[in-house]
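Given next are the chains, with one letter for each unit.
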Amino acid sequence: MNWKTIFRPTSNITVQEAQEFIRKQPVGSFVLLDVRQPKEYDREHLPGATLIPAAQLLSEAGTLDKETPTLIYCASGVRSKAACQLLQGQGFKDVRNISGGIKAWHGQRVAGPEDAGMEFFTASDYNDIFTMAYAMEEGLRQLYLGLAEMVTGEAEKGLLTRMAVFEEHHKTALRHGFKEEGHEINEEELPQVMEGGLDRERIMAHFGPHLHDMEDILNLGMLLETQAFDLYSRLSRQHEGERCQKLFHHLAEEEKRHLGYLAQRLDELLTTAAG
């Protein structure tokens, strides 16, 4: 580190400002950098975050683009402030420290190591990668339909059915925008996987009996969509091929849009309940 930069003021951003920035910016247009230790990241991290522990940042700063806006967080804001100063000293143009770190973050978080879910996308052939992504959309659609059969309220059934329709729309967008000409998809032979790399039967067994109202369903939907957003964001960084990057960017943006819808519905529900 250039020790002359230790006391350089950092550009701080509140959790609320960071969430608004992330909501408005396209996937891939900025870096969300986690500078905690791997075990902290595995336990919980912000969706889409890149992990580079603070102790390794100087040696790995070259893997980051100095021109790309970078939001940095740690547990409480101490390590991330030092990381901001370090990257500023390395010539990074736009680096912002998320004040309060993940402890102050009021929003969805995900768990698991950086390579979680990656095992489903080890193929090098684009068509195989596309088919797996398509299968994950179908897996989540089937989950929502299965959960709809387990709840008793008509409003709850209607919400889960609508969430399944969203996944069908995702599949349609994939077929029209990303499927290669001549590549056929047999719906009956798709791999039995679900978005985010989660196990559908285990999710149904664990959450199904506890979906008592709309709030339960919306919270579960946000959990699942957040996990999927995190996976697609990480995949967009891992795959070097332009077609794969565009595919995963699209999928991550779709999950972010869906999350926005679910969050809005939850806010409306909580506001009505409070009134």
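Above this text sits the structure in question.
Attention in this report is confined to the structure presented alongside it. Quick caveat, the model's predicted, so the values are computed rather than measured.

## Here we look at the nonpolar core
Side chains of nonpolar character tend, in soluble globular proteins, to be buried together.
1) Next: If you look at the biggest cluster of nonpolar residues, it comprises 49 residues, and the most contacted ones within it are Phe121, Leu160, Tyr232, Leu247 and Phe248.
2) Next: Elements represented by at least two residues in this core include exactly helix 5 (126–150), helix 6 (154–177), helix 7 (200–207), helix 8 (214–238) and helix 9 (242–274).
3) Next: The element contributing the most residues to this core is helix 5, with 13 residues.
4) Next: With near-sequence residues (within four places) excluded, Leu247 lies in contact with Tyr126, Ile129, Phe130, Leu174 and Phe178.
5) Next: Formed by 16 residues, the second largest nonpolar core is a distinct cluster that contains Ile13, Phe30, Ala49 and Leu51.

## Focus on the packing of helix 5 against helix 7
1) Next: Orientation of helix 5 relative to helix 7, taken along the N-to-C sense of each, is 30 degrees, at an axis distance of 10 Å. The orientation of helix 5 relative to helix 7 falls into the category roughly parallel. Here the hand of the crossing between helix 5 and helix 7 comes out right-handed. Of the residues in helix 7, those touching helix 5 at Gly139, Gln142, Leu143, Gly146, Leu147 and Met150 are Arg200, Ile203 and Met204.

## Thoughts on helix 4 (residues 78–89)
1) Next: For helix 4, with twelve residues, the first-to-last C-alpha span of 17 Å sits near the 16 Å given by 1.5 Å per residue.
2) Next: All of the buried residues along helix 4 are Ser80, Ala83, Cys84, Gln85, Leu86, Leu87 and Gln88.
3) Next: Those residues of helix 4 that are buried are in contact with strand 1 (11–13), strand 2 (31–34), helix 3 (57–60), strand 4 (70–73) and strand 5 (95–98).
4) Next: Two residues or fewer past helix 4, Gly91 is found with a positive phi of approximately 95 degrees.

Conventions used here
Residues numbered from 1 in each chain as written. Predicted model: local features only at pLDDT ≥ 70, side-chain atom pairs only at ≥ 80, totals over all residues. Heavy atoms only, no water. Core = buried A, V, L, I, M, F, W, Y, C linked by side-chain atoms within 4.5 Å. Buried < 20%, exposed > 50% of the residue type's maximum accessible area, 1.4 Å probe, protein only. Helix = DSSP H or I, 4+ residues; strand = E, 2+ residues; numbered from the N terminus. Contact = heavy atoms within 4.5 Å. Axes fitted to C-alpha atoms, helices over the stretch in contact; angles between N-to-C directions. Parallel < 35°, antiparallel > 145°, perpendicular 65-115°, else oblique. Left-handed = near helix turned anticlockwise from the far one by under 90°. Expected span 1.5 Å × (residues − 1).

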